[in-house]
Every structure is written in structure tokens, then in C-alpha cells.
Amino acid sequence: MARQNDVLANYTGTDNTQLTLTAGVANDYATQMSPAFVLIQNIGTNPVKVRLKESVSGSAVAANYTIVLAAGSTDEDGQGGTLQLSGFTGYLSFLSASGSKVNIARSGRQGE
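For clarity, every value in this text was computed on a predicted model and none was experimentally measured.

J.: What am I meant to see in unusual backbone geometry here?
T.: Residues apart from glycine generally show negative phi values, whereas peptide bonds are mostly found in trans. One non-glycine residue, E76, lies in the positive phi region at around 55°. Structurally, E76 can be placed in the loop between β5 (67-69) and β6 (82-86). With a relative accessible area of 48%, E76 lands in the partly exposed category.

This is the structure in C-alpha cells:
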């Protein structure tokens, strides 16, 4: 029997990751997202290209990305661009210049 109030499901497994990006190459976040909530923020001083992927293969490249997150004025100043996703179950890939960082906060659903 399908759950009638899926929105009210038990969301657990909260995880917060700060990822320092290597300049000029794809930085794949190989952890699959749970079908719940993901918040990504650029906490560095360079724009960050983000690619949403269905599988681990297919990295972000200069001409193949989903969105660009704006840079902050200084590291971790709270002014960097954000991306909020609900129900996303795929993978992420990032591309940026030297010194870029992203914060990935996610909360997944446990059990059915």
C-alpha cells in the first residue's frame, strides 16, 4: 500500500560536506542523493558550475553544466549562490577555478 502522506515521511540521514574543488577539472561528488532535500552553496570566491547527473558518469565541463553558482566576496561570507533541490536522487559534478569551495547539505529519507 502506498504511503498517503509521503511528504511527512521520516527524513533522516542528514549530512553536511564541504568540498574544496581542484581547479580546471571536474570534481565529482560520487555520493548519490537521497530523495529528499539538498542545499548547495558556493562558499568560495570563484563562480562554480554545477551539473546534475543521473549516474556517476558524465562530469561537468566548460560547456556542459546545469547552473552556475555566483561567488562570494570572501570565503564563507554567506553571499555565494545557492541551489536547493527537493526529491533529487542523482549525482553532482562541479567545475571552477582554484580555491573554490562548495557546501553540500542533504537530508534523506530512511525506509519506505
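Picking up where we left off.
J.: Looking at this structure, how should I read the pairing of β6?
T.: Taking every second residue as pointing to the same face, the buried face of β6 carries L83 and L85, while none of T82, Q84 and S86 on the other face is buried. Judged from the five bridges that link them, strand β3 (residues 37-42) and β6 form a sheet pairing that is antiparallel. Note that in β6 the partner of F37 across the bridge is S86.

J.: Looking at this structure, how should I read the pattern of salt bridges?
T.: When charged atoms on two side chains of opposite charge get close, those side chains can pair. A full pass over the atoms with the stated rule returns three salt bridges. With a shortest N-O distance of 3.4 Å, K53 and D28 are connected by a salt bridge. Residue K53 is located in strand β4 (residues 48-53), and its partner D28 is located in strand β2 (residues 27-29); the two are separated by 25 residues in the primary sequence. We classify K53 as buried; its relative accessible area is 5%. The residue K101 makes a salt bridge to E76 at a minimum N-O spacing of 3.3 Å. Here E76 lies in the loop between β5 and β6 and K101 lies in strand β8 (residues 101-109), a separation of 25 residues in the sequence. When salt bridges with common partners are traced through the structure, they connect D75, E76 and K101 into a single cluster.

J.: Quick question: what am I supposed to make of the nonpolar core here?
T.: A general trend in soluble globular proteins is that nonpolar side chains are found buried together. One finds I40, L92, F94, V102 and I104 to be the most contacted residues of the largest nonpolar core, which totals 14 residues. Secondary structure elements with two or more residues in this core: β3, β4, β6, β7 (91-96) and β8.

J.: It is not clear to me how the sheet that holds β7 should be interpreted in this structure. Could you clarify?
T.: Strand pairing in a sheet takes place through backbone hydrogen bonds and is either antiparallel or parallel in direction. If you walk across this open sheet you meet the four strands as β2-β7-β4-β5, and the pairing is antiparallel. Edge positions in the open sheet fall to β2 and β5, since each of these has one partner strand only. Each neighbouring strand pair of the sheet contributes to a mean axis angle of 30°, computed without reference to strand direction. Strand direction decides the pairing type here: β4 and β5, joined by three bridges, are antiparallel. In the sheet register, V48 faces β5, and the bridge partner there is L69.

What counts, and at which threshold
Residues numbered from 1 in each chain as written. Predicted model: local features only at pLDDT ≥ 70, side-chain atom pairs only at ≥ 80, totals over all residues. Heavy atoms only, no water. Helix = DSSP H or I, 4+ residues; strand = E, 2+ residues; numbered from the N terminus. Buried < 20%, exposed > 50% of the residue type's maximum accessible area, 1.4 Å probe, protein only. Pairing = 2+ DSSP bridges. Salt bridge = Lys/Arg side-chain N within 4 Å of Asp/Glu carboxyl O. Core = buried A, V, L, I, M, F, W, Y, C linked by side-chain atoms within 4.5 Å. Axes fitted to C-alpha atoms, helices over the stretch in contact; angles between N-to-C directions.

Remember, this is a structural readout, not a statement about activity or role.
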